[in-house]
Amino acid sequence: GETPEGEEQPKKKWKLDPHATFTRTKDDRICIEEKNIKGLMKECVQTLYGRGRKSTITQKLVSRAVFVDPPQIIIADEISGTIPMPVHAITPQGPRTSIQEADFVKQPVVKFMLKIAAKEITEEILKELLTLGEEIGLGAVRTLGYGKYHIVSIKKIDAEGEKSA
């Protein structure tokens, strides 16, 4: 827009929205973060090897031994749109439901490397976790059926203990 004097107003900088679905890089590009990938993997571990089962594969192991590179994965320059998302809360006045908007990006290509620092997380287990993740979905509104992805390739890199997804 223009000011009354006819001068261009400076472009507004993106501000942190506490309800934003994605984070942004310093240069305002949309990204997902290491915590999103690790969070999905931890949810998959809980589903496959959850409580009550004897397993060396735990959420704590994923948290401590899986590293995502880069830590911010750029997926788009702009969001594709927003979708309404119900939010439920228990208040002193009783249960309440409100509608919040969630950002989405259509068909992003997400490419990253996983560095695995635990021999317990084998290539087979890694593929099992990421394949289950295809059904669970990645992101804030996966419980509504969004964020599902399709693995294009998983390649093992020659360096000991590093795998790529």
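Residues numbered from 1 in each chain as written. Predicted model: local features only at pLDDT ≥ 70, side-chain atom pairs only at ≥ 80, totals over all residues. Heavy atoms only, no water.

Asker: Go over the environment of A65, please, and point to the residues and values.
Answerer: Turning to its location among the elements, A65 is positioned in helix α2 (residues 59-65). Linking A65 and A118, residues 53 residues apart in sequence, is a C-alpha distance of 5.7 Å. Sequence-distant contacts of A65, defined by excluding residues within four places in its chain, comprise K115, I116, A117 and A118. (Helix = DSSP H or I, 4+ residues; strand = E, 2+ residues; numbered from the N terminus. Contact = heavy atoms within 4.5 Å.)

Asker: Requested: an account of the environment of P95, with residues and values cited.
Answerer: By the element assignment, P95 lies in strand β6 (residues 94-104). Accessibility expressed as a relative area gives 63% for P95, which makes it exposed. Apart from residues no more than four positions distant in its own chain, P95 is found in contact with A89 and I90. (Buried < 20%, exposed > 50% of the residue type's maximum accessible area, 1.4 Å probe, protein only.)

Asker: Can you break down the nonpolar core residue by residue, with the values?
Answerer: Grouped together as the largest cluster of nonpolar side chains are 30 residues, with contacts concentrated most on I37, M41, L114 and I121. Put simply, the parts of the chain that give this core at least two residues each are β2 (30-33), α1 (34-49), α2, β3 (66-69), β4 (72-76), β7 (113-116) and α3 (123-136). By residue number, the principal contributor to this core is α1, which donates six residues. Once residues lying within four places of it in the same chain are set aside, the contact partners of I37 are I32, V68, I73, F112, L114 and L138. (Core = buried A, V, L, I, M, F, W, Y, C linked by side-chain atoms within 4.5 Å.)

Asker: Any chance you could break down the packing of α1 against α3 for me, citing the residues and the numbers?
Answerer: α3 packs onto α1 with a crossing angle of 100° between their chain directions and a minimal axis gap of 9 Å. Between α1 and α3, the crossing angle belongs to the class labelled roughly perpendicular. Of the residues in α3, those in contact with L40, M41, E43, C44, V45, T47, L48 and Y49 of α1 are I125, L126, E128, L129, L130, L132, G133 and I136. Taken together, the residues of the contact of α1 with α3 sort by class into twelve nonpolar, two polar and two charged. (Axes fitted to C-alpha atoms, helices over the stretch in contact; angles between N-to-C directions. Parallel < 35°, antiparallel > 145°, perpendicular 65-115°, else oblique. Nonpolar A, V, L, I, M, F, W, Y, C, P; charged D, E, K, R; others polar.)

Asker: Summarise unusual backbone geometry; cite the residues concerned and give the values.
Answerer: Note the cis peptide between D69 and P70, where omega equals 5°. Of note, P70 is situated in the loop between β3 and β4. One non-glycine residue, D28, adopts positive backbone phi at about 75°. Take D28: it is sitting in the loop between β1 (23-24) and β2. Phi is positive for Q107, close to 40°, though the residue is something other than glycine. Structurally, Q107 is set in the loop between β6 and β7. Of the residues examined, Q107 reaches a relative accessible area of 78% and is grouped as exposed.

The values are spatial; any link to function lies outside them.
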